[in-house]
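# A closer look at the structure
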Amino acid sequence: QVQLVESGGGVVQPGGSLRLSCAASRSISSILNMGWYRQAPGKQREVVAMITRTDITNYTDSVKGRFTISRDNAKNTVYLQMNSLKPEDTAVYYCNAQIFFIDYWGQGTQVTVSS
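Summary of the structure given here. (Residues numbered from 1 in each chain as written. Predicted model: local features only at pLDDT ≥ 70, side-chain atom pairs only at ≥ 80, totals over all residues. Heavy atoms only, no water.)

### Points about the sheet that holds strand E3 (residues 18-24)
With antiparallel pairing, the four strands of this open sheet are ordered in space as E1-E3-E8-E7. Of all strands in the sheet, those bounded by a partner on one side alone are strand E1 (4-7) and strand E7 (67-72). Ignoring which end each strand starts from, the neighbouring axes of this sheet average 15 degrees apart. In this sheet, strand E8 (residues 77-82) lies alongside E3 in antiparallel orientation, the contact comprising six bridges. For Arg19, the partnering residue across the bridge sits in E8 and is Gln81. (Pairing = 2+ DSSP bridges. Helix = DSSP H or I, 4+ residues; strand = E, 2+ residues; numbered from the N terminus. Axes fitted to C-alpha atoms, helices over the stretch in contact; angles between N-to-C directions.)

The structure is reproduced here in structure tokens:
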């Protein structure tokens, strides 16, 4: 079991950057997969980026080259660096951890990209 707390969301202009953080309540070094999802109004939650225990990463096509996921096992934290933000990136961003085939979620952090 793990509790996840996201932070770092906010309002940013198109082309700007934000870094999201996901702090876990326990060591994440043994967690196989962690990731970031997002849900825009009226849309289903979608995966944005995933990172494995061995730092293999995957991204949804719409964020490739703009977003970077990373993990700091010493701080029990996963990050999502978001650059060149677009209005279509506006959503609530959720941190996810998969432990023994069970999904754990944070409460979400709002990201709004608007001029």
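### What about the pairing of E3?
Burial within E3 is extensive, with five of its seven residues counted as buried. Pairing of E1 with E3 involves four bridges; the strand directions are antiparallel. Across the sheet, residue Leu4 finds its bridge partner in E3, namely Ala24. (Buried < 20%, exposed > 50% of the residue type's maximum accessible area, 1.4 Å probe, protein only.)

### Description of the pattern of salt bridges
Charged atoms that come close allow side chains of opposite charge to pair. Taken as a whole, this structure holds four salt bridges when the rule is applied. The residue Arg38 makes a salt bridge to Asp89 at a minimum N-O spacing of 3.0 Å. Taken as a pair, Arg38 in strand E4 (residues 33-39) and Asp89 in the loop between E8 and strand E9 (91-99) lie far apart in primary sequence, 51 residues in all. What makes Arg38 buried here is its relative accessible area of 6%. The salt bridge involving Asp61 is made with Lys64; its shortest N-O contact spans 3.0 Å. (Salt bridge = Lys/Arg side-chain N within 4 Å of Asp/Glu carboxyl O.)

### A word on the state of the cysteines
For the coordinates displayed, the defined rule picks out one disulfide. There is a disulfide in this structure between Cys22 and Cys95, and the S-S distance comes to 2.0 Å. Here Cys22 and Cys95 share a disulfide; its torsion about the S-S bond, -80 degrees, makes the bridge left-handed. Pair noted here: Cys22 is in strand E3 and Cys95 is in strand E9, with a separation of 73 residues, a long-range link. Overall, Cys22 belongs to the buried group, its relative accessible area being 1%. Owing to a relative accessible area of 0%, Cys95 belongs among the buried residues under this scheme. (Disulfide = S-S within 2.5 Å.)

### Remarks on the packing of aromatic side chains
Scanning all chains against the criterion turns up one aromatic pair. Their ring planes at 75 degrees and their centres at 4.9 Å tell us that Tyr37 and Trp105 sit as a pair that is edge-to-face. Separated by 68 residues along the polypeptide, Tyr37 in strand E4 and Trp105 in strand E10 (residues 102-105) bring together distant segments of the chain. The class for Tyr37 is buried, based on a relative accessible area of 16%. The exposure class assigned to Trp105 is partly exposed, which follows from its relative accessible area of 34%. Looking at Arg45, its charged tip hangs above the ring of Tyr94, at a distance of 3.7 Å from the centre. For Arg45, the ring lying beneath its charged end belongs to Trp105, and the centroid distance is 4.6 Å. (Phe/Tyr/Trp six-rings, centres within 6.5 Å; stacked < 30°, edge-to-face > 60°. Lys NZ or Arg CZ within 6 Å of the ring centre and 35° of its normal.)

Function cannot be inferred from these measures alone, as they are strictly geometric.
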